[in-house]
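Results of the structural survey
Each chain, letter by letter, is given below.
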Amino acid sequence: MTESIRFLMCSPDHYDVDYVINPWMEGNIHKSSFDKAREQWQNLYHLIKEHAIVDLVNPAKGWPDMVFTANAGLVLDKTVVLSRFYHKERQGEEPYFKTWFEGQGFTVHELPKDLPFEGAGDALFDREGRYLWAGYGFRSELDSHPLIAEWLDIEVLSLRLMDERFYHLDTCFCPLKGGYLMYYPPAFDSYSNRLIELRIPPEKLIIVEEPDAVNFACNTVNVNQMVIMNKASENLKARIEEAGFTVLETPLTEFLKAGGAAKCLTLRVTEPVIVDRHAVVKVESHTVLMEGHLLDAGLINRALDLVVEGGGSFKVLNFNLGEQRQSTSKAEIKISAPSHEVMEEIISQLIDIGVVSLEEDQRDARLQPVEQDGVGPDDFYVSTIYPTEVRVNGQWLTVQHQRMDGAIAISQTPNGLVAQCKILRDLKVGERVVVDVVGLRTIRKTESREARNAPQEFSFMSSGVSSERRVELIVEQVAWELRQIRDRGGKVVVTAGPVVIHTGGAQHLSHLIRQGYVQALLGGNAIAVHDMEQSIMGTSLGMDMKQGIAVKGGHRHHLKVINSVRRYGSIAAAVENGLVKSGVMYECVKNNIPFSLAGSIRDDGPLPDTQMDLIKAQEHYAELLQGADMILMLSSMLHSIGVGNMTPSGVKMVCVDINPAVVTKLSDRGSVESIGVVTDVGLFLSLLVNQLDKLTSRYGVVQVG
Ligand SMILES: NC(=O)c1ccc[n+]([C@@H]2O[C@H](COP(=O)([O-])OP(=O)(O)OC[C@H]3O[C@@H](n4cnc5c(N)ncnc54)[C@H](O)[C@@H]3O)[C@@H](O)[C@H]2O)c1
Ligand SMILES: NC(=[NH2+])NCCC[C@H](N)C(=O)O
């Protein structure tokens, strides 16, 4: 027995599974056998007593989980941080443990009432005493970590738990003597796994597989070279033994029913103390402000979800609820994250939904010089579609040419400082680029309850019969807006793929161009090729478009068309010379509608107009998109997503595709202006043209052709 090592245990006199506060307890209420539990506990007690001193705290009636003394608190030297239980089912244990610690002469620290922390169940010392691993995500709050670091004067490394079966750190993580670590990696998020790998060399990592993890193999008591656990596979035992430990198994099945095993049933009260240690904590906190229809528009939920899903935690400091439907609410929220890196990621997402820093915390943006043309600093802030402002020299500058996936470049001009969104390749030495997330804010329209509740995605397939009517409804809305835009001299840009032609949509798109509803067309080689194939040869992809049957040798038609157009030198020349007499490209040429065809690796030919220099093609697209009021995206994943990336919020995008994933990708930019329609594009265009004609003709439907 090692005199200097002491554990605290609590006899299972009142132990039972009385309630469900973790997944192991589900279905196990009153299913553990009292006698068997007592016997298993006694075996563990005697086993530990052979190697260390065991102190006992008196069990209290009505607190069945008190047997899990790991959750009494966290002890280092003569100081203890008392647990603040997350669930009310265990909160009554706190005073009993407090009395015991005080009775033993410990200095007891108590966390604020609403800051849960479940003691050594969620905090494990490196066995050499160098630092403390602390878990958060289920039972303990991240905000408890800075206090623990301060009280125990130790470095705290925060780990986020992701799998509710492993709700306490000690269920999936076990530091062992000699710097070894036995753990189950999938229980943690990727940031935490990286942190673990940075601290522990690979040869000291004992990775536990799921079958052992669910037998609570990580819930091990380590006394010098001895490890005591419920059960381990032969393979795991061999690996632990190879690291120089002796494995002692002692069945604890009755306690597994409550979600605990060997380590949970003990609290080590003599942890290794090293003199030269100091409080270090990477947890960062930042208070932000939100204003708008926070409840009606669901903004507050979205913000808090972003924080938690991003690996942080929050505390709502103030909430001012708007009283009337039209009045806005205001909230002040303290965000915490385990590191600056995680905080940056969370804040950049919060900025996108319009969250700002408190007035008194507002600082200038951090800028770094461009050192090489076309290359930004490592940590550059990636722009979004939302109108953004950046604070430089105490002044908020509006960012020009807003688009997503760019960098914000600040340059000095004769008219003062200018901020603009630039794609990386356009950055120039002499400019400074925004890094980090301070000194940035986005200007979001106050999203109303009505706008949020309006359906953003319509589908023929996903929501049964009624959805057909919903597509009609969205077509009515799009038609109405197209007419408004045309009548006020606005701009509609269409991106289209060849499916428009294959599905019989060419005549409808042609009609829209003729009627002045389209001001620019963006696409690739294929839409033009197949459109002209239909015009010249009556087929699309070799299919007779009137009879719907394959034409013999038809699969070569499009190559012949390409060849003929190449002979003329351009699509315009092919139209002017009478080779192409109808169709989408014909209407563009005849109505002076600019078009841009961007090349791709799939292209046959290509047509003389297809721009195979992709940088030039992107520039031409951007030029034609300037000033657009609406973009109609018709069945081209490649070109629609390309266009989506170049477009700032405020431009209405209507994306039509048969694949819901494409529609979701485009309508899921958090922009209320985007609408996705999951349907056949030929059908959509025919409905649209009919609706437009209804709107423009007093006497009903006009013939389309
Ligand atoms: N012969 C050629 O030169 C040739 C042929 C084909 C494609 N390409 C080129 O390849 C690139 C990618 O082509 P893309 O844009 O057609 O392909 P894409 O895969 O990017 O997009 C096609 C989209 O159409 C959707 N779709 C399919 N059937 C539909 C229907 N009935 N109704 C609505 N949506 C439907 C798909 O879900 C898909 O999202 C383009 O640059 C194109 O010009 C060239
Ligand atoms: N340190 C531990 N993992 N303790 C296990 C505690 C089990 C207890 N039923 C709970 O859910 O709180």
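If you're wondering where the values come from, they're calculated on a predicted model, not measured in any experiment.

So, the site of ligand 2
If you check the shell around ligand 2, you find 17 residues, and the closest are Asn 22, Arg 90, Arg 139, Asp 170 and Cys 264. Contact distances for ligand 2 include 2.8 Å between an oxygen atom and a side-chain N or O atom of Arg 90. At 2.8 Å from a nitrogen atom of ligand 2 is found a main-chain nitrogen or oxygen belonging to Ala 258. Relative to its unbound accessible surface of 350 Å², ligand 2 loses 100% to contact with the protein. Considering only residue class, the shell around ligand 2 consists of seven nonpolar, six polar and four charged.

Overview of the UniProt feature "domain: LOR/SDH bifunctional enzyme conserved" (unreviewed entry) in the protein
The feature "domain: LOR/SDH bifunctional enzyme conserved" (unreviewed entry), as annotated in UniProt, sits at residues 286-386 in this numbering. Across residues 286-386 one finds 24% helix and 30% strand; the C-alpha atoms that close the span lie 22 Å apart.

Notes on the pattern of salt bridges
By the definition in use, this model includes 33 salt bridges. With a shortest N-O distance of 2.8 Å, Arg 90 and Glu 93 are connected by a salt bridge. The class for Arg 90 is buried, based on a relative accessible area of 4%. Judged by its relative accessible area of 0%, Glu 93 falls in the buried class. Of the charged contacts in the structure, one is a salt bridge between Glu 254 and Lys 257, with a shortest N-O distance of 2.9 Å. One salt-bridge network, held together by shared partners, links Lys 36, Glu 254 and Lys 257.

Quick word on the nonpolar core
Counting 52 residues, the largest nonpolar core has Ile 571, Leu 634 and Leu 688 as its most contacted members. Ranked by residue count, the leading element in this core is helix α12 (residues 466-487), at seven residues. The residues contacting Leu 634, other than those within four sequence positions of it, are Val 494, Thr 495, Ala 496, Gly 497, Val 500, Leu 509, Ser 640, Val 656, Val 681, Phe 684 and Leu 685. Core analysis: the next-biggest nonpolar cluster, separate from the first, contains 36 residues, Tyr 131, Leu 181, Phe 188 and Met 229 among them.

Considerations on helix α5 (residues 190-199)
Of all the positions in α5, only Tyr 191, Ser 192, Asn 193, Leu 195 and Ile 196 are classed as buried. Check the buried side of α5 and you find it contacts β7 (131-136), β8 (155-160), β9 (173-176), β10 (180-183), β11 (205-207) and α10 (340-352).

Details of the site of ligand 1
Close contacts around ligand 1 come from 23 residues, with Asp 604, Ser 636, Leu 638, His 639 and Asp 657 the closest. Side-chain polar atom of Asp 604 to a nitrogen atom of ligand 1: 2.8 Å apart, as the coordinates give it. Coverage of ligand 1 by the protein amounts to 83% of the 840 Å² it exposes when considered alone. Elements represented by at least two residues in the shell around ligand 1 include exactly α15 (525-537) and α20 (637-646). In terms of residue count, α20 provides more of the shell around ligand 1 than any other element does, three residues in total. Here the shell around ligand 1 is composed, by residue class, of eight nonpolar, 10 polar and five charged.

So, how was this worked out
Residues numbered from 1 in each chain as written. Chains lettered and ligands numbered in written order. Predicted model: local features only at pLDDT ≥ 70, side-chain atom pairs only at ≥ 80, totals over all residues. Heavy atoms only, no water. Near = heavy atom within 4 Å. Polar contact = N/O pair within 3.5 Å; in protein donor to acceptor, adjacent residues only side chain to side chain. Areas by Shrake-Rupley, 256 points an atom, 1.4 Å probe, with all protein chains shown as cover. Nonpolar A, V, L, I, M, F, W, Y, C, P; charged D, E, K, R; others polar. UniProt positions renumbered as here; feature names shortened; annotations may be inferred. Helix = DSSP H or I, 4+ residues; strand = E, 2+ residues; numbered from the N terminus. Salt bridge = Lys/Arg side-chain N within 4 Å of Asp/Glu carboxyl O. Buried < 20%, exposed > 50% of the residue type's maximum accessible area, 1.4 Å probe, protein only. Core = buried A, V, L, I, M, F, W, Y, C linked by side-chain atoms within 4.5 Å. Contact = heavy atoms within 4.5 Å.

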